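# Observations on the three-dimensional arrangement
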Amino acid sequence: MNDNNPLLQPFNTPHQTAPFDKISEDHFMPAFELAMKEGRDEIAAIINNPEPPTFENTIEALEKSGERLDRISNIFFNLNAAETNEKIQSIAREVSPMLSEYSNDIWLNEKLFAKVKTVYDQYHTSPALTEEQHKLLEDTYKSFTRRGALLSGDEKEKYREISAELSKLSLQFGENVLAETNDFKLHITNPEDLAGLPQDVIDAAALKAKNENLEGWIFTLHFPSYFPFMKFADNRELRKKMYMAYTTRGNKGNNRDNKEIIKKIVALRLEKAKLLGYNNHAEYVLSERMAKTPDRVNRFLQELLEASLPFAQKEVKEVEDFARKTGFKDTLQRWDFAYYSEKLKTARYNISDEMTKPYFQLEKVKEGIFDLTNRLYGITFKRNSDIPVYHDEVEAYEAYDADGSFLAVLYLDFFPREGKQGGAWMTSYLDQHIENGKDIRPHISVVTNFTRPTESKPSLLTFNEVTTFLHEFGHALHGMLSRVTYESLSGTSVFRDFVELPSQIMENWAQQKEWLHMVAKHYETGETIPDELVDKIVAAGNFQSGYATVRQISFGLNDMAWHTLEEPIATDVTNFEKSAMQPTELFPDVEGTCMSTAFSHIFNGGYAAGYYGYKWAEVLDAHAFQLFKQNGIFDRKTAQAFRENILEKGGTKDPMELYIAFRGEEPSIDALLIRCGLKN
Ligand SMILES: [Zn+2]
């Protein structure tokens, strides 16, 4: 059976790409099983090696173990995201717990850690290793210690109990938010209550009602329903009703209340951090981030707040004044802000996606991005239809460097399909690394959900989609240009508050007329996008940027407050949150609402002590792009410096070091403030 399994044979394809044309679902499970066994044997060989542990026979051997498993996992999980079906989903359910067990067997293995520790103690200051080897050693050692490898027997037991309890609690938190979100429905039967809403929003609400065998229209707290309702519905009472339902989730004192769960989660995270030698959870998290310390993050948020708060206050006042002119007499409340802001925005800019879309043909945007990459880095792309793909619509390219050498395989998968997840992402099938002296070049993929072309119209992108394409392409360049030795340090394997720099910096070109003039041509007339339209897009993009910044900061401050606690809280959750977010307050307080009780990012996601990262990344990309603006947006030397210091380096060095090597100084917030109109 395994003899005929293409996943277990050498891939006889161009560049050893995945043989999608030969793989069927039935091949996965046997391949996973064999690859896991192979990986376990490799680990056993490291442990049972009678030679004294060395960097090569322990750290490097561990790094290389499970290579086949990685390859198969990448193919499988990428397919599960981009072209799935019930069979693949059921394999995913079966194999996921097996893979966590596999990884626990490595990272919780005491004998293996004993060997790693011996190497670490002996070599972590030794000049015998290269800088990259030091980083790999450090990272490997930390992967064990951050999971409690240095703890004594009793403490280990405690650590395991806390971890198990924490995963139960965050799951519970998430389930409560979901149940509370699903529980509420606004059922409208009087058509007058729909006033102000766009037709497609009304149609979707009618369909929802029909699916539930009800007359009229149903609105829910899910974003695609909630958000347009708050923006467009003329009926103020109903907006308030929706708002209250949304902001009291998890805070109603019912059996889905999250307040006690929050207290338990933060107390346990604190206990775990202390067990591992940190003062609080944020310190534990941030020691593996570019920002490094809670103090640095708090100063960062404070600095941004001081710069943006006066603008936010002015913007809220403008909306209030605008509302007054239309006859509004009450105090402006939170459920009024989005509504009047939308009206003000329309009055001021009068711009819509429909006006810009004809200028952004997908094919032309793609060529424009290839061309930009060529101007910056000298890279060229060649389509190769001999590379197997998992769906007819997927395009496969070879990327070549300026000197003609082969760089990477790039897959582009643009259009929505039933088996594809929503959104857009970059991923890899194979990461760059050196194997037996040979440079193994990566296989990278960009997946999006852009509008499909029709018989009469090409695929036309909104401005947002153009930006998304550039963003994901930036991640792809990070993967494609990687030039490191070890796979686990390759491409986008960097700290989380650094990984969005290569992607977000690309978004900047979407606002540059020099680039847009090459890319944005009307699909029927060929006319170049008018400069006034570009100016409007940029200005509308900066509409209420002060308010948006303050809002992000308020979430960041709340997150940091919970995770810098050094004692469990004595006060109640709502009061605690209020005092954390108070410096960002722009509206009158509303009794009964609570943000934390539905803050899934930090209580049921990976963003604990990490929410600041959204703004941090913007600061980085704006400050980094400033250098391109100074030297010319197509300047080869600046691009080369960005390539050598950031794109090629992956996670082989501390990100702040890499950043300073490129930029000559630490990031500062001014470039971002200028870009979004908060500073001259
Ligand atoms: Zn991204």
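On a predicted model such as this, the values are computed, not experimentally measured, just so you know. (Residues numbered from 1 in each chain as written. Predicted model: local features only at pLDDT ≥ 70, side-chain atom pairs only at ≥ 80, totals over all residues. Heavy atoms only, no water.)

## A short note on helix H5 (residues 110–123)
Here H5 spans 20 Å end to end across 14 residues, near enough to the 20 Å set by a 1.5 Å rise per residue. Those residues of H5 that fall on the buried side of the exposure criterion are Leu112, Phe113, Lys115, Val116, Val119, Tyr120 and Tyr123. The arc that holds the buried residues of H5, viewed along the axis, is 160 degrees, so those residues lie on one side. Summarising the geometry of H5, the exposed residues directed more than 90 degrees from the buried face are Glu110 and Lys111. Its side-chain oxygen 3.1 Å from the backbone nitrogen of Lys111, Asn109 forms the N-cap of H5. (Helix = DSSP H or I, 4+ residues; strand = E, 2+ residues; numbered from the N terminus. Expected span 1.5 Å × (residues − 1). Buried < 20%, exposed > 50% of the residue type's maximum accessible area, 1.4 Å probe, protein only. Arc of directions from axis to C-beta. Polar contact = N/O pair within 3.5 Å; in protein donor to acceptor, adjacent residues only side chain to side chain.)

## Looking at the coordination of the zinc ion
Bound to the zinc ion are the protein donor atoms His471 (NE2), His475 (NE2) and Glu500 (OE), situated 2.1 Å from the metal. Of note, the zinc ion draws all its donor residues from one chain, in the sequence arrangement H-x3-H-x24-E. With a gap of 25 residues between them, His475 in helix H17 (residues 463–480) and Glu500 in the loop between H17 and helix H18 (501–507) connect regions that are remote in the sequence. (Donors = N, O, S within 2.8 Å, 3.2 Å for Na, K, Ca; no water.)

## Here's the deal with the pattern of salt bridges
Within this structure, the stated rule accounts for 46 salt bridges. Here Arg40 makes a salt bridge to Asp105, at a shortest N to O gap of 2.9 Å. You can see Arg40 sitting in helix H1 (residues 28–48) and its partner Asp105 sitting in helix H4 (residues 86–107), a full 65 residues away along the chain. When its relative accessible area of 33% is taken as the criterion, Arg40 is described as partly exposed. Where Glu648 meets Arg643, a salt bridge forms, and the shortest distance between an N and an O atom there is 3.1 Å. Classification of Glu648 as buried rests on a relative accessible area of 11%. A relative accessible area of 5% places Arg643 in the buried class. One connected set of salt bridges, linked through shared partners, spans Glu83, Glu393, Asp413, Arg417, Lys420 and Arg452. (Salt bridge = Lys/Arg side-chain N within 4 Å of Asp/Glu carboxyl O.)

## Structural notes on the sheet that holds strand S5 (residues 406–413)
Pairing in this open sheet of five strands is mixed, and the strands run S3-S4-S5-S9-S6 from one edge to the other. Of all strands in the sheet, those with a lone pairing partner are strand S3 (380–383) and strand S6 (425–430), marking the two edges. Going from strand to strand, the sheet's axes swing by 30 degrees on average, the running direction of each strand aside. Strands in contact with helix H3 (residues 67–82) are S5, S6 and strand S9 (443–447); relative to S6, the strand with the most contacts, it is inclined by about 150 degrees. Sheet strands touched by helix H16 (residues 362–377): S3, strand S4 (395–400) and S5. Its angle to S4, the strand with the most contacts, is close to 15 degrees. (Pairing = 2+ DSSP bridges. Axes fitted to C-alpha atoms, helices over the stretch in contact; angles between N-to-C directions. Contact = heavy atoms within 4.5 Å.)

## Topic: a negative patch on the surface
A cluster of acidic residues, Asp154, Glu155, Glu157 and Glu161, forms a negative patch on the protein surface. Structurally, the position occupied by Glu157 is in helix H7 (residues 153–183). (Patch = residues over 30% accessible without salt bridge, like charges linked within 9 Å, V, L, I, M, F, W, Y side chains within 5 Å. Areas by Shrake-Rupley, 256 points an atom, 1.4 Å probe, with all protein chains shown as cover. Lys, Arg positive; Asp, Glu negative; His and termini not counted. Charge placed at Lys NZ, Arg CZ, Asp CG, Glu CD.)

## Topic: the packing of aromatic side chains
According to the stated counting rule, one finds 49 aromatic pairs in the structure shown. When the ring of Phe32 is compared with that of Phe76, the centres are 5.5 Å apart and the planes differ by 80 degrees; the resulting orientation is edge-to-face. With Phe32 in helix H1 and Phe76 in helix H3, the pair connects residues that are 44 residues apart, well separated along the chain. Ring plane angle 70 degrees and centroid distance 5.1 Å describe the contact between Trp509 and Phe628, whose orientation is recorded as edge-to-face. Of this pair, Trp509 sits in the loop between H18 and helix H19 (513–519) while Phe628 sits in helix H24 (residues 613–631), placing them 119 residues apart in sequence. No difference in accessibility class separates Trp509 from Phe628, as the two residues are buried. (Phe/Tyr/Trp six-rings, centres within 6.5 Å; stacked < 30°, edge-to-face > 60°.)

## Brief notes about unusual backbone geometry
Even without being a glycine, His15 presents a positive backbone phi close to 55 degrees. Mapped onto the elements, His15 comes out in the segment before H1. A residue is classified by how much of its surface remains accessible, and His15, at 26% relative accessible area, is partly exposed. In this structure, Asn436 is a non-glycine residue whose phi angle is positive, near 45 degrees. Within the fold, Asn436 resides in the loop between strand S7 (433–435) and strand S8 (438–440). Judged by relative accessible area, which is 74%, Asn436 ranks as exposed.

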